[in-house]
Amino acid sequence: MVVVTQIARELRARHQMSGVAADLFAQALASAALLVSPQKSDTRLNFQLECDGPLGGLFIDASSRGELRGYVKNPIVNLTGGEGPYRWRAALGNNGFVSVLRDQGQGEYYRSSVQLQEFSIEGDLRHFFRTSEQIATALALLVLPEGAEPLGVVAGAMVQLLPQGDPKALDRLEVELSQRLKTGLEGGLEGRALAAALLGEAARTLSSRPLELKCSCSKARVMATLQALGRDDLIALHKEQGRTSVTCQMCGTRHEVTGEELLALANPS
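Residue positions are given per chain, counted from 1 along the sequence in the order it is written. Where local features are concerned, this predicted model is filtered to residues with pLDDT of at least 70; where side-chain atom pairs are given and counted, the filter is 80 or more; whole-chain, interface and lining totals use all residues. In computing side-chain properties, one takes all heavy atoms of the structure into account and sets aside hydrogens as well as water.

K.L.:
With reference to specific residues and values, describe the overall build of the protein chain.
P.N.:
For the protein chain, the helix and strand inventory stands at nine helices and 11 strands. Projected onto its principal axes, the C-alpha positions of the protein chain cover 70 × 45 × 35 Å. Only protein chains enter the accessibility calculation, which uses a 1.4 Å probe; a residue whose area is less than 20% of its type maximum is buried, one above 50% is exposed, and one in between is partly exposed. Here the protein chain holds 269 residues, and 46% of them are scored as buried. Taking the contacts inside the protein chain whose residues are at least 6 apart along the sequence as the reference set, 59% of them involve residues at least 24 apart. Each accessible area is a Shrake-Rupley estimate made with a 1.4 Å probe; only the visible protein chains count as cover when residues are assessed. Per element, the accessible surface of the protein chain, about 14300 Å² overall, is 49% carbon and sulfur. Counting from the N terminus, the helices are the DSSP runs of H or I reaching at least four residues and the strands are the DSSP runs of E reaching at least two. Here a residue-residue contact requires only that any non-hydrogen atoms of the pair lie within 4.5 Å.

K.L.:
Lay out the sheet that holds strand 6 (residues 108–115) with the relevant residues and their values.
P.N.:
Only strands that DSSP links by at least two bridges are regarded as paired with each other. Taken in spatial order, the six strands make up an open sheet running 6-5-2-3-4-9, and their pairing is mixed. Looking along the sheet, the strands with just one partner apiece sit at the ends: strand 6 and strand 9 (212–213). Pairing of strand 3 (residues 57–63) with strand 4 (residues 67–72) involves five bridges; the strand directions are antiparallel. Within strand 4, the residue paired with D61 across the bridge is R69. Against the sheet, helix 4 (residues 121–133) makes contact with strand 2 (44–51), strand 5 (96–105) and strand 6, and its axis sits at roughly 115° relative to strand 6, the strand it touches most. The convention used is that axes are lines fitted to C-alpha atoms, helices contributing only their stretch in contact, and that angles between N-to-C directions extend from 0 to 180 degrees.

K.L.:
Tell me about the sheet that holds strand 1 (residues 2–3), residues and numbers included.
P.N.:
What the three strands build is an open sheet, ordered 1-8-7; its pairing is antiparallel. Each edge of the open sheet carries a strand with a single partner, namely strand 1 and strand 7 (137–146). The pairing of strand 1 with strand 8 (residues 149–160) spans two bridges and is antiparallel. Paired with V3 across the strands is A155, a residue of strand 8. In the packing of helix 2 (residues 19–36) onto the sheet, contacts are made with strand 1, strand 7 and strand 8, and the angle to strand 8 comes to roughly 30°. Of the strands in this sheet, strand 7 and strand 8 are in contact with helix 4, which crosses strand 7 at around 165°.

K.L.:
Can you lay out the layout of surface pockets for me, pointing to particular residues and giving the numbers?
P.N.:
Rolled over the atoms, a probe with the dimensions of a water molecule shows which regions are left empty. Computed from the structure, the largest pocket encloses a volume of approximately 1800 Å³. Along the wall of the largest pocket there are 44 residues; nearest its centre are M1, M158, L199, R204 and S207. Those elements that place two or more of their residues in the lining of the largest pocket are strand 1, helix 2, strand 8, helix 5 (167–186) and helix 6 (191–199). Examining the composition of the lining of the largest pocket, we find that six residues originate from one element, helix 6, more than from any other. Among the residues making up the lining of the largest pocket, the classes are represented as 28 nonpolar, 11 polar and five charged. As a volume, the second largest pocket reaches approximately 520 Å³. Throughout, the protein atoms alone are placed on a 1 Å grid, and a set of points is a cavity if a 1.4 Å probe fits but cannot get out or a pocket if it is open with protein on both sides within 12 Å along at least five of seven lines; lining residues have an atom within 4 Å of a point. Lining of the second largest pocket is provided by 19 residues; of these, Q27, R87, W88, L141 and V143 occupy positions nearest its centre. Contributing elements (two or more residues each) for the lining of the second largest pocket: helix 2, helix 4, strand 7 and strand 8. With five residues, strand 7 is the single largest residue contributor to the lining of the second largest pocket. Of the residues belonging to the lining of the second largest pocket, the class tally is nine nonpolar, five polar and five charged. Grid points are joined across faces, edges and corners, and a volume is the space filled by probe spheres set on the points. Gly counts as polar in this scheme, as do all residues outside two lists: the nonpolar Ala, Val, Leu, Ile, Met, Phe, Trp, Tyr, Cys and Pro, and the charged Asp, Glu, Lys and Arg.

K.L.:
Can you lay out helix 6 for me, pointing to particular residues and giving the numbers?
P.N.:
All buried positions along helix 6 are accounted for by L194, A195, A196 and L198. Buried positions along helix 6 lie against strand 8 and helix 5. Where helix 6 ends, the next residue or the one after it, G200, has phi of about 100°, a positive value.

K.L.:
Kindly report on the environment of L226, identifying the contributing residues and their values.
P.N.:
Mapping L226 onto the fold places it in helix 7 (residues 219–227). Classification of L226 by relative accessible area gives buried; the value is 8%. Placed 18 residues apart in sequence, L226 and T244 show a C-alpha to C-alpha distance of 10.0 Å. What L226 contacts, discounting residues up to four positions off in sequence, is L234, L237, T244, V257, L262 and L265.

So this is what it looks like as structure tokens:
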């Protein structure tokens, strides 16, 4: 179970996302947080959606430490259909895939993917678990508006069957999970109380961690990249622009580099 409301709102503002783009991105953010939760410590996971619709696709990078960042290719998309199974089809198009890249540790990575079939984040993530992972999974992703705020609460819940688990019990939970999550969130439940609302009073909390927007970009990394251009290119950049800036694709942070800093890179002492 994850709640990523504040991160979704902050990345929406940083990337200047419109309504549908922000909603789909928020669902993907919750998906990545759920997918990385069973991972070993100090590992990363990438959740990627590619499509031929106006959205183009999106990308989320998540760590087992609870760090999230990401972007959407076309942040101004605000196209949607009527309520129903193809609500998001206007933004996603007719073809595409969902892909998950997992860090296995020691420099090993494993990628699995499925073609879009349901044309919704939730539906195609279920399709991913069913066909690629072959793990019986109950899943719910919710973006609930609050007044004028479309990202009032952004949350997700995932329950997977253990080897000796009861498949029929999971099937029953699958039908009710989304409504249970919605009722609990609307009732202001959090933490153990929300888990109990989803799974019953016997639910146990084995671990929990805070989630945060955190990116590996920095001014130092920008400076190192610029220095690799070489002296002539740096001097030409200084003459043409006087200064420069680099905006991180993943978190939207803008790193400013002054003219003096460009010259210092071109003429290191």
